[in-house]
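# Secondary and tertiary structure notes
If you want the building blocks of each chain, they are given just below.
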Amino acid sequence: YETGSSGTAITLLLPLSEPGEKLDTFLAMYATTVASQRRPLARSIRLVVVLMFVEDHVHRDVKTAIETLRIAFPAVDATVMAIRGNFSRAKALHRAATAQPPQDLLFFCDVDMTLSSAFLQRCATNTIPQQQVYAPIPFSMFDPQFVREGIDKGLLSRDTFKSVSNMSRTSRSEVFTTIDDLIENGWPTALPSSLNSAGLMRFDRIQSAVDQGLLINGNVGHWKHHSYGMLCIYQQDYIRTGGFDLSIRGWGGEDVRVVNRLIRGGLALFRAPDPGLMHRWHPKICRPEELSKHQLHMCRGSLAETIASQELLTLVHTSL
């Protein structure tokens, strides 16, 4: 297939409803992948945090977090677009996308994502103006506590991590150390510039594992084939095809509808599992009072997928 420009600048659009640990983790990852330039990129990257808020302190806290990032890394291009009102992913992304220049390459992101510099390269390469959009298939991690319980109870041994069985002994050890670290301590939430040497080593080990795709394993997570929410698209193509359906309320459905509009508008949809795009596990709540029947069904299905692998669930069931 034809490829886009490898030197294209990318604008990351990050819809957000509140500050907190998720945003801190995303900014820490962003600082390592983009802002610190310890792994130089062939293009410029811009971050726009699209905040939909009701209470003023939420706006202040997010602005403070972005300012802290910019002080630590003066060269970083990061801004906050504030929109007062109840959160809607479709509305947030639409407002931000329409405000960008027509020639910009946009990446619709989520705060639960961890991404590598290699993914950003593929975002630019696989997106072609007026021809093709890139909807990468992210790798979504299972509940780490459930995985740990499976190991502790002897239901999973380290030999069951088959996807890393052909790696060197050192590489396998690094993978298991990283998995154990994430289970015990969670994802980093502090910017690299504020860490001591031990914290920086931990940070680099985790980001290196993501960059190399070492955590891609059937007992660690699964590919989210049904998800179209992460999208690389040129601004002019987003505008020309109509963008998001702004009538959607609650969780889910906006990604499928916008992709259908893109296809009807004559754009090719390129999809592939992308090891550089990882969805971090987080608790999920499906509230019937906030969702349509169809959205509730999708939410519960997504929730069930995030618990553990079918292998581990079968072992748990048969061990009862």
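Above: the structure in question.
Residues numbered from 1 in each chain as written. Predicted model: local features only at pLDDT ≥ 70, side-chain atom pairs only at ≥ 80, totals over all residues. Heavy atoms only, no water.

Within the protein, the regular secondary structure consists of 11 helices and 11 strands. Here the protein, with 320 residues, has 49% of them falling under the buried criterion. Pairs at least 24 residues apart make up 80% of the contacts formed inside the protein by residues separated by at least 6 positions. (Helix = DSSP H or I, 4+ residues; strand = E, 2+ residues; numbered from the N terminus. Buried < 20%, exposed > 50% of the residue type's maximum accessible area, 1.4 Å probe, protein only. Contact = heavy atoms within 4.5 Å.)

Attention now moves to the state of the cysteines. Tallying each qualifying case throughout the model produces 1 disulfide. Residue C123 pairs covalently with C232 via a disulfide, S to S 2.2 Å. Residues C123 and C232 are joined through a disulfide that is left-handed, its torsion about the S-S bond being -125 degrees. Within this pair, whereas C123 is found in helix α4 (residues 117–125), its partner C232 is found in strand β9 (residues 231–234), the two being separated by 109 residues in sequence. Residue class for C123 comes out buried when judged on its relative accessible area of 0%. According to the relative accessible area criterion, C232 is buried, its value standing at 0%. We note that C109 lacks a disulfide partner, and the nearest cysteine sulfur, in C232, lies 9.4 Å from it. (Disulfide = S-S within 2.5 Å.)

With respect to the secondary-structure elements, K91 resides in helix α3 (residues 89–98). Each C-alpha atom of the pair K91 and F244 lies 7.6 Å from the other, and the pair is 153 residues apart in sequence.

Our next topic: the nonpolar core. Soluble, globular proteins show a tendency: their nonpolar side chains are buried together. L12, F26 and F107 are the most contacted members of the largest nonpolar core, which totals 41 residues. Ranked by residue count, the leading element in this core is helix α1 (residues 21–35), at 7 residues. Excluding its chain neighbours within four sequence positions, the residues that come into contact with F107 are I10, T11, L12, L13, L115, F119, C123, M230, L231, C232 and L277. (Core = buried A, V, L, I, M, F, W, Y, C linked by side-chain atoms within 4.5 Å.)

Let's shift gears to the environment of R287. With respect to the helices and strands, the residue R287 is situated in the loop between β11 (273–279) and α10 (293–305). Along the chain, R287 and R300 lie 13 residues apart, while their C-alpha atoms are 9.7 Å from each other.

Compared with an ideal rise of 1.5 Å per residue, which puts 15 residues at 21 Å, helix α7 (residues 197–211) spans 20 Å between its outermost C-alpha atoms and is within 8% of the ideal. Listed as buried for α7 are R202, F203, I206, Q207, A209 and V210. Along the long axis of α7, the arc covered by the buried residues comes to 155 degrees, so they all point the same way. Looking at α7, the residues exposed on the side facing more than 90 degrees away from the buried face are S197 and M201. Taking the backbone nitrogen of A198 as reference, a side-chain oxygen 3.2 Å away marks N196 as the first, capping residue of α7. Positive backbone phi, approximately 70 degrees, marks G213, located one or two places after α7. (Expected span 1.5 Å × (residues − 1). Arc of directions from axis to C-beta. Polar contact = N/O pair within 3.5 Å; in protein donor to acceptor, adjacent residues only side chain to side chain.)

Right, let's talk about the pattern of salt bridges for a bit. Under the criterion given, the structure shown has 10 salt bridges. When the shortest N-O distance is used, the salt bridge between D77 and R46 registers 3.9 Å. With D77 in strand β3 (residues 77–84) and R46 in strand β2 (residues 45–53), this residue pair connects regions lying 31 residues apart in the sequence. Here D77 falls in the partly exposed class, since its relative accessible area comes to 34%. Look at R46 and you get partly exposed, because its relative accessible area is 25%. Close ionic contact of D237 with R240 constitutes a salt bridge, the shortest N to O distance being 3.7 Å. Of the two residues, D237 and R240 are both situated in helix α8 (residues 235–240); the distance of 3 residues between them amounts to about one turn of the helix. Judged by its relative accessible area of 1%, D237 falls in the buried class. Relative accessible area serves as the criterion here: at 46%, R240 is assigned to the partly exposed category. (Salt bridge = Lys/Arg side-chain N within 4 Å of Asp/Glu carboxyl O.)

Here we take up the environment of T178. As for its position among the elements, T178 is in helix α6 (residues 169–185). Judged by relative accessible area, which is 1%, T178 ranks as buried. It is 9.9 Å that separates the C-alpha atoms of T178 and S208, two residues lying 30 residues apart in sequence. If sequence neighbours within four positions are ignored, T178 has contacts with R205, I206, A209 and L215.

What follows covers helix α5 (residues 144–152). Within the sequence span of α5, burial applies to V147, R148 and G150. Looking down the long axis of α5, one finds its buried residues gathered within 155 degrees of arc, a one-sided arrangement.

We now examine the packing of aromatic side chains. Taken as a whole and assessed by the stated rule, the structure comprises 6 aromatic pairs. Arranged with centres 5.6 Å apart and planes meeting at 40 degrees, the rings of F108 and F244 form a pair that is tilted. Separated by 136 residues along the polypeptide, F108 in strand β4 (residues 105–108) and F244 in the loop between α8 and α9 (254–264) bring together distant segments of the chain. The burial state of F108 is the same as that of F244; both residues are buried. Relative to W223, the ring of F139 has its centre 5.3 Å away and its plane inclined at 75 degrees; by these criteria the two rings are edge-to-face. (Phe/Tyr/Trp six-rings, centres within 6.5 Å; stacked < 30°, edge-to-face > 60°.)

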